[in-house]
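The primary structure of each chain is shown beneath.
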Amino acid sequence: MNAKHLLYILILGLLLTSCKTSKNISYHNLSSLDPNFSASYENRAIKEGSFKSQTSLLQLLKIEATDTISEVKLAIQNNGELQIDYDNHKGERKSIVLKGKFKKHYYQIFFERNQIILPPFYWVTHIERIRLSISKDNLLVINNYSEHTGMIMMFAGGSSSKTQHLFKKSRN
């Protein structure tokens, strides 16, 4: 086999290879949280395939808590804010409220949204956001998006990521 054939096989292999490890639920198969939404979910994301997720619901909501918390209650208040209730490791009831907005297929919360643009010389973007939806299987779906990019003159760098996490309703 000559080098030309090897190069074709390598390119074809790269084109057919995907870096994505899990199957996402599309927005068309999701429904938004309704304004009267109230439900309790397990704190740990469910297992997908052979991958056991270590992500917790409280981590995605940017709440620092120990790993011993098993259940988180989410409720939309009358003013459209998301109320999060959980029992900490001492058994004390904790309640936190986050502001968000209803969109077509999800409830969206921004933790950080900063953008400075001075074209063409300087550009910085910092975005941390989650979108909460309900799947047809009645799972809580959280799409986590993070972007941290910047540019000075013609030098640019940064990263962005999108991940989807699924949570089952708790039995209680």
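(A) Seen up close, the environment of Gln164. For Gln164, the location among the structural elements is in strand β10 (residues 155-167). According to the relative accessible area criterion, Gln164 is buried, its value standing at 11%. Measuring from C-alpha to C-alpha, the distance between Gln164 and Arg131 comes to 9.4 Å, with 33 residues separating the pair along the chain. Among the polar contacts listed, one links the side chain of Gln164 to the backbone nitrogen of Ile25, at a separation of 2.7 Å. Looking at Gln164, its side chain comes within polar contact range of the side chain of Asn143, at 2.8 Å.

(B) Main features of the nonpolar core. If you look at the biggest cluster of nonpolar residues, it comprises 26 residues, and the most contacted ones within it are Leu74, Ile84 and Leu132. Breaking this core down by element, the ones donating at least two residues are β2 (38-42), α2 (57-60), β3 (71-76), β4 (82-87), β7 (107-118), β8 (122-135) and β9 (140-152).

(C) Region of the structure containing the side chain of Glu128. With respect to the helices and strands, Glu128 occurs in strand β8. Using a relative accessible area of 14% as the deciding quantity, one classes Glu128 as buried. Looking at Glu128, its side chain comes within polar contact range of the side chain of Lys62, at 3.5 Å.

(D) The arrangement of the side chain of Asn143 in detail. Within the secondary structure, Asn143 sits in strand β9. Asn143 sits in the buried class, given a relative accessible area of 13%.

(E) Quick look at the packing of aromatic side chains. Overall, the coordinates contain two aromatic pairs when judged by the stated rule. Considering the side-chain rings of Phe37 and Tyr41, the 6.4 Å spacing of their centres and the 20° angle between planes classify their relative orientation as stacked. The pair Phe37 / Tyr41 is uniform in exposure class, with both members buried. Here the guanidinium or amino end of Arg113 rests over the ring plane of Phe110, the centre of that ring lying 4.0 Å away.

(F) How the structure looks around the sheet that holds β3. On the basis of which strands lie adjacent, the open sheet formed by four strands has the order β2-β3-β4-β5 and antiparallel pairing. Every other strand in the sheet has two partners, leaving β2 and β5 (93-98) as the edge strands with one partner each. The sheet shows a mean angle of 20° between the axes of neighbouring strands, taken without regard to direction. Relative to β4, β3 runs antiparallel, the two sharing four bridges. Pairing of Leu74 across the sheet is with Ile84, part of β4.

(G) A look at the pattern of salt bridges. Considering all chains together, one arrives at two salt bridges under this definition. Salt-bridge contacts for Asp87 lead to Arg93; the nearest nitrogen and oxygen are separated by 3.1 Å. Residue Asp87 is classed as partly exposed on the basis of its relative accessible area of 39%.

(H) The arrangement of the environment of Ser161 in detail. Tracing the sequence through the fold places Ser161 in strand β10. By relative accessible area, which is 38% here, Ser161 ends up partly exposed. For the pair Ser161 and Glu147, spaced 14 residues apart in sequence, the C-alpha to C-alpha distance is 6.6 Å. If we ignore the near neighbours within four places in the chain, the residues touching Ser161 are Asn144, Tyr145 and Ser146.

Conventions we followed
Residues numbered from 1 in each chain as written. Predicted model: local features only at pLDDT ≥ 70, side-chain atom pairs only at ≥ 80, totals over all residues. Heavy atoms only, no water. Helix = DSSP H or I, 4+ residues; strand = E, 2+ residues; numbered from the N terminus. Buried < 20%, exposed > 50% of the residue type's maximum accessible area, 1.4 Å probe, protein only. Polar contact = N/O pair within 3.5 Å; in protein donor to acceptor, adjacent residues only side chain to side chain. Core = buried A, V, L, I, M, F, W, Y, C linked by side-chain atoms within 4.5 Å. Phe/Tyr/Trp six-rings, centres within 6.5 Å; stacked < 30°, edge-to-face > 60°. Lys NZ or Arg CZ within 6 Å of the ring centre and 35° of its normal. Pairing = 2+ DSSP bridges. Axes fitted to C-alpha atoms, helices over the stretch in contact; angles between N-to-C directions. Salt bridge = Lys/Arg side-chain N within 4 Å of Asp/Glu carboxyl O. Contact = heavy atoms within 4.5 Å.

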